[in-house]
Amino acid sequence: MLHKKRQPRPSAAFLRSAADFNDIPQSTGREFCVLGRSNVGKSSFINHVFSNGSLARVSKTPGKTTLANFYRVSDGSVWADLPGYGFASRARTEQVRWSRLVAQYCEYRKNLCGVIWLCDSRHPGQALDREAFAWFASLSLPWLLVLTKADKLTAQEQARSLREYGRDFASGQPPVLYSTRSEDARDRFWERFTAWAGGF
Ligand SMILES: Nc1nc2c(ncn2[C@@H]2O[C@H](COP(=O)(O)OP(=O)(O)O)[C@@H](O)[C@H]2O)c(=O)[nH]1
Ligand SMILES: [Mg+2]
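Summarised in this report is the structure supplied together with it. (Residues numbered from 1 in each chain as written. Chains lettered and ligands numbered in written order. Predicted model: local features only at pLDDT ≥ 70, side-chain atom pairs only at ≥ 80, totals over all residues. Heavy atoms only, no water.)

## A few points about the site of ligand 1
Item 1. Taken together, 16 residues sit near ligand 1, with Asn39, Lys42, Ser44, Asp151 and Thr180 positioned nearest.
Item 2. One of the side-chain N or O atoms of lysine 149 is found 3.1 Å from an oxygen atom in ligand 1.
Item 3. Between ligand 1 and threonine 180, the relevant distance is 2.8 Å, taken from an oxygen atom to a main-chain nitrogen or oxygen of the residue.
Item 4. Protein contact buries 83% of the 580 Å² of open area that ligand 1 shows by itself.
Item 5. Of the residues contributing to the shell around ligand 1, the split by class is 2 nonpolar, 8 polar and 6 charged. (Near = heavy atom within 4 Å. Polar contact = N/O pair within 3.5 Å; in protein donor to acceptor, adjacent residues only side chain to side chain. Areas by Shrake-Rupley, 256 points an atom, 1.4 Å probe, with all protein chains shown as cover. Nonpolar A, V, L, I, M, F, W, Y, C, P; charged D, E, K, R; others polar.)

## Points about the packing of helix α1 (residues 42-49) against helix α5 (residues 183-197)
A pair of packed helices is characterised by two quantities: the angle between their axes and the separation of those axes.
Item 1. At their nearest, the axes of α1 and α5 sit 10 Å apart, and the two run at 90° to each other. Relative to α5, the element α1 is oriented roughly perpendicular. Contacts between α1 and α5 pair Phe45, His48 and Val49 from the former with Arg186, Phe189 and Trp190 from the latter.
Item 2. Across the contact of α1 with α5, the residue classes tally to 4 nonpolar, 1 polar and 1 charged. (Axes fitted to C-alpha atoms, helices over the stretch in contact; angles between N-to-C directions. Helix = DSSP H or I, 4+ residues; strand = E, 2+ residues; numbered from the N terminus. Parallel < 35°, antiparallel > 145°, perpendicular 65-115°, else oblique. Contact = heavy atoms within 4.5 Å.)

## Focus on the environment of leucine 35
Item 1. In this structure, leucine 35 sits in strand β2 (residues 31-36).
Item 2. Spatially, the C-alpha atom of leucine 35 lies 6.2 Å from that of isoleucine 116, the residues being 81 residues apart in sequence.
Item 3. Once residues within four sequence positions are removed from consideration, leucine 35 is found in contact with Lys42, Leu82, Tyr85, Val102, Val115, Ile116, Trp117, Leu118 and Phe136.

## Looking at the pattern of salt bridges
Side-chain pairs of opposite charge can arise whenever the charged atoms involved come near each other.
Item 1. One pass over the structure, following the stated rule, counts 9 salt bridges.
Item 2. One salt bridge in this structure joins arginine 122 and aspartate 120, with 2.7 Å as the shortest N-O distance.
Item 3. Between aspartate 168 and arginine 130 there is a salt bridge, with its nearest N and O atoms 3.3 Å apart. Of this pair, aspartate 168 sits in helix α4 (residues 155-168) while arginine 130 sits in helix α3 (residues 127-138), and the two are 38 residues apart along the sequence.
Item 4. Each of Arg9, Glu183, Arg186 and Asp187 takes part in one network of salt bridges that share partners. (Salt bridge = Lys/Arg side-chain N within 4 Å of Asp/Glu carboxyl O.)

## Some points on the sheet that holds β2
Item 1. Strand order across the open sheet formed by 7 strands is β1-β3-β4-β2-β5-β6-β7, with mixed pairing between neighbours. Only two strands of the sheet have a single partner each, and these edge strands are β1 (12-18) and β7 (176-177).
Item 2. Of the pairings in the sheet, the one linking β1 to strand β3 (residues 68-73) comprises 6 bridges and is antiparallel in character. Looking across to β3, one finds that alanine 12 is bridged to valine 73.
Item 3. Where helix α2 (residues 100-108) meets the sheet, its contacts fall on β1, β2, β3, β4 (78-81) and β5 (112-120), and the angle it forms with β2 comes to roughly 140°.
Item 4. Taken strand by strand, α4 contacts β5, β6 (143-148) and β7, and its axis lies near 150° from that of β6. (Pairing = 2+ DSSP bridges.)

## Focus: the packing of aromatic side chains
Item 1. Using the criterion set out here, one finds 26 aromatic pairs in the structure.
Item 2. Centroid distance phenylalanine 45 to phenylalanine 189: 5.1 Å. Interplanar angle 85°. Geometry classified as edge-to-face. Taken together, the residues phenylalanine 45 in helix α1 and phenylalanine 189 in helix α5 connect sequence positions 144 residues apart.
Item 3. Pairing tryptophan 190 with phenylalanine 193 gives two aromatic rings, centres 5.5 Å apart and planes at 85°, and the pair type is edge-to-face. Remark: phenylalanine 193 and tryptophan 190 occur in helix α5; sequence separation between them is 3 residues, near one turn of the helix.
Item 4. Given a relative accessible area of 1%, tryptophan 190 falls into the buried group.
Item 5. Looking at phenylalanine 193, the relative accessible area reads 3%, which means it is buried.
Item 6. Connected via pairs of aromatic rings, a cluster forms that spans Phe32, Phe45, Phe50, Trp79, Tyr178, Phe189, Trp190, Phe193 and Trp196. (Phe/Tyr/Trp six-rings, centres within 6.5 Å; stacked < 30°, edge-to-face > 60°. Buried < 20%, exposed > 50% of the residue type's maximum accessible area, 1.4 Å probe, protein only.)

Shown next, in the form of structure tokens:
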């Protein structure tokens, strides 16, 4: 019987948390950061993609995480789960609020190879994401756009989300749909990540 070739699936272990830039672990290897607005699904994504439900804490209260959490990955790289930007606030005065930590990390971390950028697949065109994009693109950081919570969309809506996000935030890589409810999503992510990160 023929088996579909599986992508290699790295595992990860918690390294440390950092409250400010000076706390960040010494590391010279390849590093990737996970960036996105509060509640977009960053911690859930990290747990799911590494098949380890207790790696990152999934919060019930949006905007609570102010620490960056670092993980050592079995491929030798390090991943950083950064505090989310902005808040899903009820007020209309939403604006990007970068923590100093995120700003300094993205600007000064020498071995940062790229941003795994998470946006909610249901909400293309959000002002906060546009601002975030303008900022890290200005730093010339490569990004891979991951569209979270795809299980909440129909196939047609997923196609539309891919189209709109791909148009707004075009890079050499089309966005990747993700859902923590799907094994296929995990395989697809690793396939795309390997193609993207292979060049760094
Ligand atoms: N249906 C669904 N819910 C998700 C998915 N990813 C995250 N969530 C939910 O979204 C909420 C925020 O997730 P969390 O990982 O804490 O977001 P973070 O603030 O970006 O780290 C939690 O209630 C998660 O269970 C997904 O792929 N599908
Ligand atoms: Mg989180």
